[in-house]
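# Fold and contact review
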Amino acid sequence: MMATRAVAAQRGLRRLFSTSPFPSFNPPPSAAAAQQPKAEPSTNLFVSDLISSSFSGLSKRTTTEGLKEAFSKFGEVVQARVVTDRVSGYSKGFGFVRYATLEDAAKGIEGMDGKFLDGWVIFAEYARPRAPPGPPSENMSSQYGHNMSAPYGRQ
């Protein structure tokens, strides 16, 4: 009887201090992240809270200066940037760090991957190059009712 109460008390404390309503829930990795090959080593790093960047991201308090300062402990940072929303100015949850050398970039990943930054666990990996833009949609103008053949729809 006492053992049952002790286990129940531990579970209650775990629930009390848990930030998630599902104490043992670990979201599965996204299918897109599982299918993407590892990025080639480069001086550019991608920084987020999850490799897929689809969960929540860097803290809203993380600034470009703070990101640069945190990563400069591991080598010469040429450029750092937290990507922000144009309207609100808040972080979109990810950023980029560029080091002077591949060795510094490797040290930056080793030093910051899985570490705390502004109260959030972050992940650092080599950045992948941007995919080339796709062809423009053929029916995009007709989708919105625009007649692009004459200015402002006049004949």
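Everything here concerns the structure above.
Small disclaimer: the values here were computed from a predicted structure and weren't measured.

## What to know about the environment of Thr84
If you trace the backbone, Thr84 turns up in strand β2 (residues 77-84). Those residues in contact with Thr84 that sit more than four places away from it in its chain are Gly89, Tyr90, Ser91 and Lys92.

## Re helix α4 (residues 102-112)
By the burial criterion, the buried members of α4 are Asp104, Ala105, Gly108, Ile109, Gly111 and Met112. Those residues of α4 that are buried lie in contact with β1 (44-48), α3 (64-71), β3 (91-99) and β6 (123-126). Immediately downstream of α4, the backbone of Gly114 shows phi near 80 degrees, a positive value.

## Comments concerning α3
Residues Leu67, Ala70 and Phe71 constitute the buried set of α3. Each buried residue of α3 lies within a common arc of 90 degrees when the element is viewed along its axis, so the set occupies one face. Opposite the packed face of α3, turned more than 90 degrees from it, sit the exposed residues Glu65 and Glu69. Turning to α3, the residues buried within the fold contact β1, β2, β3, α4, β4 (116-117) and β6.

## Here's the deal with the sheet that holds β6
Spatially, four strands are ordered β2-β3-β1-β6 in an open sheet, and the strand pairing comes out antiparallel. Of all the strands in the sheet, the pair left with one neighbour each is β2 and β6. Within the sheet, the average angular offset between the axes of one strand and its neighbour, ignoring direction, is 20 degrees. Relative to β6, β1 runs antiparallel, the two sharing four bridges. Within the sheet, the bridge partner assigned to Ser48 lies in β6 and is Phe123. Where α3 meets the sheet, its contacts fall on β1, β2, β3 and β6, and the angle it forms with β2 comes to roughly 140 degrees.

What counts as what
- Per-chain numbering applies: the sequence of each chain, read as written, is numbered from 1 onward.
- pLDDT decides what is reported in this predicted model: residues at 70 or higher carry local features, side-chain atom pairs at 80 or more are listed and counted, and totals for whole chains, interfaces and linings draw on all residues regardless.
- Only hydrogens and water are removed before side-chain values are computed, so all heavy atoms of the structure are retained for them.
- Every helix listed is a DSSP run of H or I at least four residues long, and every strand listed is a run of E at least two residues long, numbered separately from the N terminus.
- Contacts were defined at the residue level, with two residues in contact if any of their heavy atoms lie within 4.5 Å.
- The classification of residues rests on relative accessible area computed with a 1.4 Å probe and restricted to protein chains. Under 20% of the type maximum is buried, over 50% is exposed, and intermediate values are partly exposed.
- The directions from the helix axis to the C-beta atoms are what the arc is built from.
- Strand pairing is defined by DSSP finding a minimum of two bridges between the two strands.
- Here the axes come from fitting lines to C-alpha atoms, over the contacting stretch only for helices, and the angles between their N-to-C directions go from 0 to 180 degrees.

In short, shape yes, function no, at least from these values alone.
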